[in-house]
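Okay, here's what each chain looks like letter by letter:
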Amino acid sequence: MIERLVSIIEEDGQKSFVISVLLSIFVYGGLGNAYNELFHRFGIQFIISWLVGFIAILLAYTGMSNTIIAFIFEIIVLVLYLYFIFDSFICTRAINKSQPIPKLFGKWDINEDNKSSIIAILFSFICTGLGNSYNGLHDRFLMEFIISLIIGLVLSVLVPAVNLPFLTGSYIITSILNYIQFIGNGNTITLILLVVGIILNLYFILDTYLCRKAVDSDKKIPKLFGIININ
């Protein structure tokens, strides 16, 4: 059904401006470039927009939502959102005309053939194990995500300080901020559980890096937790 719909919108095997732009508008800024098969470019756009958006949320969380700094970050988020929509459009046009893909922000020439350890790490910071999906290790990503989801849900139930359903890099930051509320209350169990979640999340980020290095050097993928052989 989806393939048939796409074939109707696309013409002569070319990428559709409609699909590219609508994906970036209604789903996620820059997602049109994933449709354009510019996955590395989309990954960079995703990370940039997430980091800026997270900073804006963090400012609101810390009571700075009405400050000029928070307002500036909200403007930056809006500008990036509009730019990534426009970027999806011009990349689609370049592909259809067999022209060189324009540089990101007019300066970055994104090479789709070379995958970056930094991008892999940042993906796993945003969503546990997502960097391993970027590495092409989809089963490994799924297992890491399920593990983090289960532990995150358990922590959310047992520990009032945890308000995220799964472990992410933002979990590390918000856990530290939330734990400040418990300092001096003698809540040792809360601290232990939060530290366990942080350590596990950091391990998954490290695992993403090690797997990226193994893929780049054509070496055997290391076992998950040293015992589970999964790619």
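Residues numbered from 1 in each chain as written. Predicted model: local features only at pLDDT ≥ 70, side-chain atom pairs only at ≥ 80, totals over all residues. Heavy atoms only, no water.

**Description of the overall build of the chain**
Moving on, step 1. Looking only at helices and strands, the chain features 10 helices and 0 strands.
Moving on, step 2. Across the 231 residues in the chain, those meeting the buried criterion constitute 41%.
Moving on, step 3. Contacts spanning at least 24 positions in sequence make up 56% of the contacts within the chain whose residues lie at least 6 apart.
Moving on, step 4. Only carbon and sulfur atoms are counted for the fraction: they give 69% of the accessible area of the chain, which is about 13,000 Å². (Helix = DSSP H or I, 4+ residues; strand = E, 2+ residues; numbered from the N terminus. Buried < 20%, exposed > 50% of the residue type's maximum accessible area, 1.4 Å probe, protein only. Contact = heavy atoms within 4.5 Å. Areas by Shrake-Rupley, 256 points an atom, 1.4 Å probe, with all protein chains shown as cover.)

**Quick word on the pattern of salt bridges**
A side chain of one charge can pair with a side chain of the opposite charge when the charged atoms of the two come close.
Moving on, step 1. Using the criterion set out here, one finds 3 salt bridges in the structure.
Moving on, step 2. In this structure, Asp87 and Arg41 form a salt bridge, with 2.8 Å as the shortest nitrogen-oxygen distance. Of this pair, Asp87 sits in helix 5 (residues 68-96) while Arg41 sits in helix 4 (residues 39-61), and the two are 46 residues apart along the sequence.
Moving on, step 3. The class of Arg41 is buried, set by a relative accessible area of 2%. (Salt bridge = Lys/Arg side-chain N within 4 Å of Asp/Glu carboxyl O.)

**Notes on the confidence of the model for the chain**
Do not read the predicted coordinates in detail wherever pLDDT is low.
Moving on, step 1. In the predicted model, the chain carries a mean pLDDT of 75, and the fraction of residues at 70 or more is 74%.
Moving on, step 2. Averaged over each element, pLDDT in the chain is lowest for helix 1 (residues 2-9) (46) and highest for helix 5 (87).
Moving on, step 3. Predicted confidence is poor over residues 1-9, with pLDDT under 50, and the contacts of this stretch with residues over four places away or in other chains come to 4 contacts.
Moving on, step 4. Counting contacts from residues 182-186, a segment whose pLDDT is below 50, to residues more than four positions away or on other chains yields 3 contacts. (pLDDT = per-residue confidence, 0-100.)

**Concerning the side chain of Gln45**
Moving on, step 1. In this structure, Gln45 sits in helix 4.
Moving on, step 2. A distance of 3.2 Å separates a polar atom in the side chain of Gln45 from a polar atom in the side chain of Asn33.
Moving on, step 3. Of the polar contacts made by the side chain of Gln45, one reaches the side chain of Asp87; its length is 2.7 Å.
Moving on, step 4. Excluding residues that lie within four positions of it along the chain, Gln45 makes contacts with Gly30, Asn33, Phe84, Asp87 and Leu104. (Polar contact = N/O pair within 3.5 Å; in protein donor to acceptor, adjacent residues only side chain to side chain.)

**A closer look at a nonpolar patch on the surface**
Moving on, step 1. A grouping of Ile68, Ile69, Phe71, Ile72, Ile75, Ile76 and Val79 is seen on the molecular surface, where their side chains present a nonpolar patch of about 620 Å² in accessible area.
Moving on, step 2. By the element assignment, Phe71 lies in helix 5. (Patch = residues over 30% accessible without salt bridge, like charges linked within 9 Å, V, L, I, M, F, W, Y side chains within 5 Å.)

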